[in-house]
Amino acid sequence: MLIKPPETQPVQAAVRIDPYTWSSQRKAFVFVVGAIAVANSTLGSALPSGAASFIAADFGVENEQLLILPITCYLIGYILGPIVFGPLSETYGRRPITLLTITFYTIFTLACALAPTFAALVVFRLFAGIFASSPPAVTGGIYADIYSDPKARGRAMAGYMAATTLGPTMGPLMSGYLSEMGWRWTFWVALMIVGASWPFLLFLPETFGPVLQRKHAITGLTSVTTDANILASTQLSRENWHHLFTRVLARPVKMFCTESIVLFSCLYLSLIYAIFYLFFEAYPIIFEGMYGMAPGECGLMFLPIAVGALLSFGVYLGYDLVYQRAREQDKHWVKVEEYRRLPLACIGGPLFSATIFWLAWAARPSVHWIVPAMAGVPFGIGFLLIFMALVNYLADAYGIFAASALAAASGSRSILGAVLPLATNEMYGRLGLHWATSLLGFLSLLMAIIPFVFIKFGRYLRENSKFSQSLKATRPEESPDKAEQ
């Protein structure tokens, strides 16, 4: 009988508490579960858009502004959630926060299906949005936990961003056709989808290094803390309420206000995100109002955006291949950190703006509906390239603070995403279809300069960033609170 050497147990424990050393199969499982959680969250965001007329008829709602509330209130929930759940995941772990919030999202999705009044539906949507905001804020941190290689982490984040776009584009299509059987079927099917996701979610392992270290310290495996390969803090303690509010929950707001990279990334992401959600109100004006389509047919017009989102992943992989080859050849430009991600946004920004102008001036009765509809393909490509570049840039720049940086981005973009669609009817009524859409194009074109500025001045901004610089003085898996001190 073979006897394992004494050092085997600490080494095996070290592997368990260092997610960077996990097998590729286990990391792939974590990636898929994270994408599933995000897809459920984002699917719910635009779910009522194709059911608005059916909801209005059932509850007798005549004010068109009120019919925007089921989507707007969900996005208001997106504002509140990341500010809390992102930082909490950096204190109590990714797994408990993810499972707890998706549990409540499931409950409130059921409540939406059973809503007795329009007011109740709006309130239930608000709470569904609050708890659904957790996966987009936490999943980026999960991927940062398990992928130390920027190449692998970038590809994982690209897949994560694709999931955030595919979900909303499926919402109008589902609700447009399901609502013909009754608008409540929209939420019943969403409930079935999240129910089918639970077997995967339950097996999601904890990925946050300090929490894993604490758990193993509690079980007596303290000897692994002396291993040089285990870079985690053993002193992570439960936070008191004062510390929780003054440091942990305040971190995303602090980063938004003091970090230039976070601030301007949030501004750009907020605008394109708001335009994306405004289109859930603008597309019915264009395709139902101008071309006489039914809600389900109008929902099909979002499919080109989904196709563009998938194609953007191919563009990302293509650029990544160019970048890796340049590294192997020791090209000078790859030594600049900003060139790892930001050129994708430099491509996506002008493309995104150009397709808005395409939609603005191609949508007219004399032009076949497929011409403005096909603008969705480059729109989806540009939209995702901007998101992939900036979200990855934030994750790379802030490491263990990634969840807080992404929470700041998620919360801020949801503010504009919730507010701007409320102005859709008024804006299109006053400016008309062509100039209202063009206004969005001009605003996005103005913001498109941000990635170019980051490439020019990004190194200077990072060198003067308290959070980014603290990563150089702190071990990679150390507690964010310790790094922040």
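Residues numbered from 1 in each chain as written. Predicted model: local features only at pLDDT ≥ 70, side-chain atom pairs only at ≥ 80, totals over all residues. Heavy atoms only, no water.

J.: So, the side chain of threonine 355: which residues are in play, and what are the values?
T.: Relative to the helices and strands, threonine 355 is located in helix α16 (residues 343-362). Looking at threonine 355, the relative accessible area reads 3%, which means it is buried. One polar contact links the side chain of threonine 355 to the main-chain carbonyl oxygen of phenylalanine 352, over a distance of 2.8 Å. The residues contacting threonine 355, other than those within four sequence positions of it, are Ala375, Pro378 and Phe379. (Helix = DSSP H or I, 4+ residues; strand = E, 2+ residues; numbered from the N terminus. Buried < 20%, exposed > 50% of the residue type's maximum accessible area, 1.4 Å probe, protein only. Polar contact = N/O pair within 3.5 Å; in protein donor to acceptor, adjacent residues only side chain to side chain. Contact = heavy atoms within 4.5 Å.)

J.: Before we move on, could you go through the pattern of salt bridges and cite the residues and values that matter?
T.: Inspection of the entire model under this criterion finds four salt bridges. Residue lysine 335 pairs with aspartate 330 through a salt bridge whose shortest N-O separation is 3.9 Å. Residue classification places lysine 335 among the exposed positions, given a relative accessible area of 57%. Notably, a salt bridge pairs glutamate 337 with arginine 340, separated by 3.2 Å at the nearest N-O pair. (Salt bridge = Lys/Arg side-chain N within 4 Å of Asp/Glu carboxyl O.)

J.: Please provide a residue-by-residue account of the packing of helix α5 (residues 94-113) against helix α7 (residues 134-146), values included.
T.: The geometry of α5 relative to α7 is characterised by a closest axis approach of 10 Å and an angle of 155 degrees between their N-to-C directions. By the criterion of interaxial angle, the relationship of α5 to α7 is roughly antiparallel. α5 and α7 meet at a crossing whose hand is left-handed. Of α7, the residues touching α5 (which contributes Arg94, Ile97, Thr98, Thr101 and Ile102) are Ser134, Pro135, Val138, Gly141, Ile142 and Asp145. (Axes fitted to C-alpha atoms, helices over the stretch in contact; angles between N-to-C directions. Parallel < 35°, antiparallel > 145°, perpendicular 65-115°, else oblique. Left-handed = near helix turned anticlockwise from the far one by under 90°.)

J.: Describe in detail the environment of threonine 258, supporting the description with residues and values.
T.: Here threonine 258 is to be found in helix α12 (residues 251-258). Between the alpha carbons of threonine 258 and phenylalanine 467 there is a distance of 9.7 Å; along the sequence they are 209 residues apart. Only 2.6 Å separates the side chain of threonine 258 from the backbone oxygen of lysine 254, close enough to count as a polar contact.

J.: Describe the environment of proline 421, naming the residues involved and giving the relevant values.
T.: Within the element layout of this structure, proline 421 appears in the loop between α19 (402-419) and α20 (424-447). Exposure remark for proline 421: the relative accessible area of 2% places this residue in the buried category. In contact with proline 421, not counting residues within four places along its chain, are Ile68, Tyr277, Leu278, Glu281 and Leu416.

J.: Give me the lowdown on the nonpolar core, citing residues and values where you can.
T.: One finds Phe279, Tyr283, Phe287, Tyr398 and Leu440 to be the most contacted residues of the largest nonpolar core, which totals 120 residues. By size, the runner-up hydrophobic cluster in this structure holds 21 residues, among which are Leu43, Leu67, Leu121 and Leu178. (Core = buried A, V, L, I, M, F, W, Y, C linked by side-chain atoms within 4.5 Å.)

J.: Give a detailed account of a nonpolar patch on the surface, specifying residues and quantitative values.
T.: Taken together, Trp361, Leu431, Trp435, Leu439, Phe442 and Leu443 make up a surface patch of nonpolar side chains, about 590 Å² in accessible area. Counting residues per element, the nonpolar patch draws most heavily on α20, which supplies five residues. Inspection of the secondary structure assignment puts leucine 439 in helix α20. Residue leucine 439 is classed as partly exposed on the basis of its relative accessible area of 36%. (Patch = residues over 30% accessible without salt bridge, like charges linked within 9 Å, V, L, I, M, F, W, Y side chains within 5 Å. Areas by Shrake-Rupley, 256 points an atom, 1.4 Å probe, with all protein chains shown as cover.)

J.: Any chance you could break down the packing of helix α18 (residues 376-398) against helix α21 (residues 450-463) for me, citing the residues and the numbers?
T.: Contact geometry of α18 with α21 gives a least axis separation of 13 Å together with a crossing angle of 25 degrees. As far as their axial angle goes, α21 and α18 are roughly parallel. The element α18 and its partner α21 pack so that their crossing is right-handed. Across from Leu390, Tyr393 and Ala397 in α18, the residues of α21 making contact are Phe454, Gly458 and Arg462. The residue makeup of the contact of α18 with α21, split by class, is four nonpolar, one polar and one charged. (Nonpolar A, V, L, I, M, F, W, Y, C, P; charged D, E, K, R; others polar.)

J.: Which residues make up the layout of surface pockets, and what values go with them?
T.: Empty space within the second largest pocket amounts to approximately 400 Å³. Taken together, the elements giving at least two residues each to the lining of the second largest pocket come down to α3 (52-59) and α13 (260-290). Looking at the lining of the second largest pocket, the element that brings in the most residues is α13, giving five residues. Residue classes in the lining of the second largest pocket are distributed as nine nonpolar, four polar and three charged. (1 Å grid on protein atoms, 1.4 Å probe; cavity = no way out; pocket = protein on both sides within 12 Å on 5 of 7 lines; lining within 4 Å. Points joined across faces, edges and corners; volume = space filled by probe spheres on them.)

J.: Go over empty space enclosed by the protein, please, and point to the residues and values.
T.: Sizing a probe to match a water molecule and rolling it over the atoms shows the empty space that remains. The full count for this structure, using the stated rule, is six cavities of 30 Å³ or more. There is about 100 Å³ of room inside the largest cavity. In terms of lining, the largest cavity is formed by 13 residues, of which the most central are Thr42, Thr164, Tyr273, Phe387 and Arg413. Mapped onto the lining of the largest cavity, the elements with two or more residues apiece are α8 (150-178), α13, α18 and α19.

J.: Give a description of the packing of aromatic side chains that names residues and reports values.
T.: Tallied over the full model, the rule gives 32 aromatic pairs. The interplanar angle of 20 degrees and the centroid separation of 4.8 Å between the aromatic rings of phenylalanine 280 and phenylalanine 302 together place this pair among those described as stacked. Residue phenylalanine 280 is found in helix α13, and its partner phenylalanine 302 is found in the loop between α14 (295-300) and α15 (303-328); the two are separated by 22 residues along the sequence. For phenylalanine 280, a relative accessible area of 2% corresponds to the buried category. Using a relative accessible area of 2% as the deciding quantity, one classes phenylalanine 302 as buried. (Phe/Tyr/Trp six-rings, centres within 6.5 Å; stacked < 30°, edge-to-face > 60°.)

In short, the description is geometric, and any link to function would need to be established separately.
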